[in-house]
Each structure stands twice: as C-alpha cells, then as structure tokens.
Amino acid sequence: MESTTQPTREWFKDWANEYDNTLGKIKRHHQLLELAVKMSKVKDGEHVLDIGIGTGLTSLKFLKAADCTIIGIDNSRDMMDICTDKLDKLGIKDKIECRMMNAVSLDFPKESFDIVVSTVSLHHVKNKYPVIKAIHSILKPGGRFVIGDLDVDTTGKLTDSKRLMRILDYLMPELVLALKDGGIEGFSRMYDNGKKHILNDGEYCISFEQWADICYRAGFAKVVVKSMPNFERFKALCAYK
Ligand SMILES: C[S@@+](CC[C@H](N)C(=O)[O-])C[C@H]1O[C@@H](n2cnc3c(N)ncnc32)[C@H](O)[C@@H]1O
C-alpha cells in the first residue's frame, strides 16, 4: 500500500468534522460535483462507485439525478462515519453502501460498475496510473469514469519558483472564494490546504491534459474534458471504456 496515503488519512481525521462547514460551504465545489454528475449521464438502475466518498456530497447528487445504487469507498474512518450518519438520518442506507477501502488497492471483480466517479480525491494518490488501470478493469464495457478536480500541475521541484507561481495563481481566487462562502473557518482550512499543495504534502495535483493522457494509456477509448463556467481552473473529465 502506498506510504503517501498515511499523512492524507491523518489530515482528513482532523478535517472531517469541519468538512461540510468549510469546503462543503463553497458553492463552486457543489457546482463542480454537479458538472461531474451531468457528464456521467447516470441513468436509473446503474451501479456507481464513488472513490473518496468523504461526507457523501457527490453520491447524494448522483441519487438526486437518477435512481441508481452506489458503493462509496474511503480510507478515512472519520470522513466515512460522517457520511454513514448522514445516510442514516436521510433513511437511504439501502442506496449507498460505504466501505473502508484504499483507492490504491481497489477490491472489486472485473466489470462491476457502470460508472466510477471521483471528485477532488484521486489527486491525493501519488502514483495514479495503476489506480486508473484498475478503474478501467472494474468498469463494464461502455462504462464511464468521471473525475472532478482542479486543473493545476503541482509536480516538479519544490524549489522551482515557476511552479510556486503556478500554484499561487490558482490559490488566490480560491482563497477569496473560501472567505466569501465559508467565512474565516472556510478560509483558514483552505489556506492550510494550499500549503499542502505547495509542499506536495499529501496533495499531488496534475493537469487535465495529464489526467486525459493517463486515461488513454490505461485503455479508455475516448476522453471528454469540460471546464466549469467562470472557474477555468476546475474541470470534469469523462473517460469512456
Ligand atoms: C477532499 S475530500 C473529497 C470528498 C468528496 N468526494 C467531495 O468531493 O466532497 C477527499 C476524500 O478522499 C479520501 N481519500 C484520500 N486518499 C484516499 C485513498 N488513497 N483512498 C481512499 N480514499 C482516499 C479522503 O479521506 C477524503 O474523504
């Protein structure tokens, strides 16, 4: 199992109780998840895997869009506990099954899902190709893999000032938005998060050009990328098996 996933787990243990009150308050985040759902073209009766389900924000939007069934996985017990409590209160535990599982060791039979979705989660995994290859294998023929994430390449040397400029360029509007929608609590959390992007401390973002390239190499036949209106740095991608 990838050693880089341990600090991420610690980070989400700390963040879990505040998640819905910080990132969950930012309207742009919800719009990104809605774009991911729209691009998946989910239909009634389809079976969906949500990788990095977190507090369930994406899965709940899938359920609004179609009468589908969902398995959500996460490697943070704390995030998952919040999700399961929420599903319990909403009385929809039969629609979303939560399982503790690391994205780097997906344990599902081949051709299990119509859709695999992952929003702002897979950038926590450093070595992405084997995960995307595994996702390709657990999708049914004609299945779709959807990512919603930020379009910023944070790879490279930490001492590279051009790289730092690129990340700061993304962070500036993001932090203003966090303050506007999430108040001081939202700003403070996203500010800490920004430092993690800069230092590659559990955050390993790549550009959507790089995501698309990995998808093609993993065997996907076609990849479509869309930007969010007004938020060019946030995109969703749909890869067709
Ligand atoms: C930023 S949250 C996103 C949650 C949700 N998808 C959303 O969009 O609001 C990232 C989630 O991915 C989970 N995660 C990070 N690395 C993971 C891994 N290797 N395997 C499974 N889940 C992981 C974290 O625990 C966290 O719940």
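You'll find the structure just up there.
Residues numbered from 1 in each chain as written. Predicted model: local features only at pLDDT ≥ 70, side-chain atom pairs only at ≥ 80, totals over all residues. Heavy atoms only, no water.

Take the packing of helix α5 (residues 128–138) against helix α7 (residues 208–217) next. Running from N to C, α5 and α7 point in directions that differ by 55°, and their axes come no closer than 9 Å. Taken together, the axis directions place α5 and α7 in an arrangement best described as oblique. Along this stretch, α5 crosses α7, giving a crossing that reads as right-handed. On α7, the residues that touch Lys128, Tyr129 and Ile132 of α5 are Trp211, Ile214, Cys215 and Arg217. Residue composition of the contact of α5 with α7, by class: 5 nonpolar, no polar and 2 charged. (Axes fitted to C-alpha atoms, helices over the stretch in contact; angles between N-to-C directions. Helix = DSSP H or I, 4+ residues; strand = E, 2+ residues; numbered from the N terminus. Parallel < 35°, antiparallel > 145°, perpendicular 65-115°, else oblique. Left-handed = near helix turned anticlockwise from the far one by under 90°. Contact = heavy atoms within 4.5 Å. Nonpolar A, V, L, I, M, F, W, Y, C, P; charged D, E, K, R; others polar.)

This part covers the pairing of strand β5 (residues 139–150). Each regular strand carries side chains that alternate between the two faces of the sheet. For β5, a buried count of 9 out of 12 residues is recorded, marking the element as mostly surrounded by other parts of the structure. When strand β4 (residues 113–119) meets β5, the two strands line up parallel, connected through 6 bridges. From the neighbouring strand, Val117 faces β5, where its bridge partner is Val146. This β-α-β element, β4 to α5 to β5, shows right-handed connectivity. (Buried < 20%, exposed > 50% of the residue type's maximum accessible area, 1.4 Å probe, protein only. Pairing = 2+ DSSP bridges. Right-handed = clockwise from strand over helix to strand, strands pointing away.)

This next bit is on the side chain of Asp153. With respect to the element layout, Asp153 can be found in the loop between β5 and α6 (161–199). Although buried, Asp153 forms no salt bridge, and the nearest oppositely charged side chain, Arg166, lies 4.2 Å from it. Polar side-chain contacts of Asp153 include one of 2.5 Å to the side chain of Thr155. Filtering out sequence-adjacent residues up to four positions away, Asp153 remains in contact with Arg166, Cys205, Ile206, Ser207 and Gln210. (Lys, Arg positive; Asp, Glu negative; His and termini not counted. Salt bridge = Lys/Arg side-chain N within 4 Å of Asp/Glu carboxyl O. Polar contact = N/O pair within 3.5 Å; in protein donor to acceptor, adjacent residues only side chain to side chain.)

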